[in-house]
Amino acid sequence: MVLDTSDSWMGGESGNWWVSVYNDEGLSDGKYTLELLVEGQTVRTGECIVGKGTGPVPPPTAGDVEVFGQIVDADTNKGIQGAVFIVLNPGVTVDSFQWTEEEVFALAETDRNGNYTLSTPLVRGESYSMIIGAEGYDMIAEDGVLIPEDIESPFELNLALQEQ
């Protein structure tokens, strides 16, 4: 399915725009890709899976560590909705991170209770840079976080953010 709109941007140099994709009979199960083109050039892409997707997700290997937990307010100990946990690809540092999808190894956004599960299991023995943050809170950013060989999976990692 290709969605094409002849609408022109009328929002000046910056702003927001929304697009919806729908079918009166529902979207077919599968993986969908959305491309944002500016003057014919792709500037951003994103993907989503509808229904069961294109097939089963393979289980993690014995070397992988599933990470889950809760991100809370350091003062109230209440979960923070919408906090993000980003794990960068090995070799990408916090300072070099350009906020592109290609640099991200795993990510999660917390639910209304501050709970999260990283999207991809981490590899034992590998080092990653990690960024944890939420609007109105001081960000945690750390390079060289080593995933120990003897860590259990799944691993619960609870974090507290300090309000600004």
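Residues numbered from 1 in each chain as written. Predicted model: local features only at pLDDT ≥ 70, side-chain atom pairs only at ≥ 80, totals over all residues. Heavy atoms only, no water.

### A short note on the overall build of the chain
And then number 1: Within the chain, the secondary structure is distributed over 0 helices and 12 strands.
And then number 2: Ordered by position in the sequence, the α and β elements of the chain form the string β-β-β-β-β-β-β-β-β-β-β-β.
And then number 3: Within the span of the chain, comprising 164 residues, buried residues form 24% of the whole.
And then number 4: Partitioning the intrachain contacts of the chain with sequence separation of at least 6 by distance along the chain shows that 54% fall at a separation of at least 24.
And then number 5: Total accessible area computed for the chain in this model is approximately 11,800 Å², and 49% of it derives from carbon and sulfur atoms. (Helix = DSSP H or I, 4+ residues; strand = E, 2+ residues; numbered from the N terminus. Buried < 20%, exposed > 50% of the residue type's maximum accessible area, 1.4 Å probe, protein only. Contact = heavy atoms within 4.5 Å. Areas by Shrake-Rupley, 256 points an atom, 1.4 Å probe, with all protein chains shown as cover.)

### What about the pairing of strand E5 (residues 84-88)?
And then number 1: Across the 5 residues that make up E5, a large majority, 4, are buried.
And then number 2: Strand direction decides the pairing type here: E5 and strand E6 (residues 104-109), joined by 5 bridges, are antiparallel. Of the residues in E6, the one forming a bridge with Val84 is Glu109.
And then number 3: Here 4 bridges tie E5 to strand E9 (residues 127-133), and the two strands are oriented antiparallel to one another. Bridge assignment links Ile86 to a residue of E9, and that residue is Ile131. (Pairing = 2+ DSSP bridges.)

### Brief notes about the sheet that holds E5
The strands making up a sheet are joined through hydrogen bonds of the backbone, oriented either antiparallel or parallel.
And then number 1: Spatially, the 4 strands line up as an open sheet ordered E6-E5-E9-E10, and their pairing is antiparallel. Of all the strands in the sheet, just E6 and strand E10 (140-146) have a single pairing partner and so form its edges. Adjacent strand axes in the sheet meet at a mean angle of 15 degrees, parallel and antiparallel pairs treated alike. (Axes fitted to C-alpha atoms, helices over the stretch in contact; angles between N-to-C directions.)

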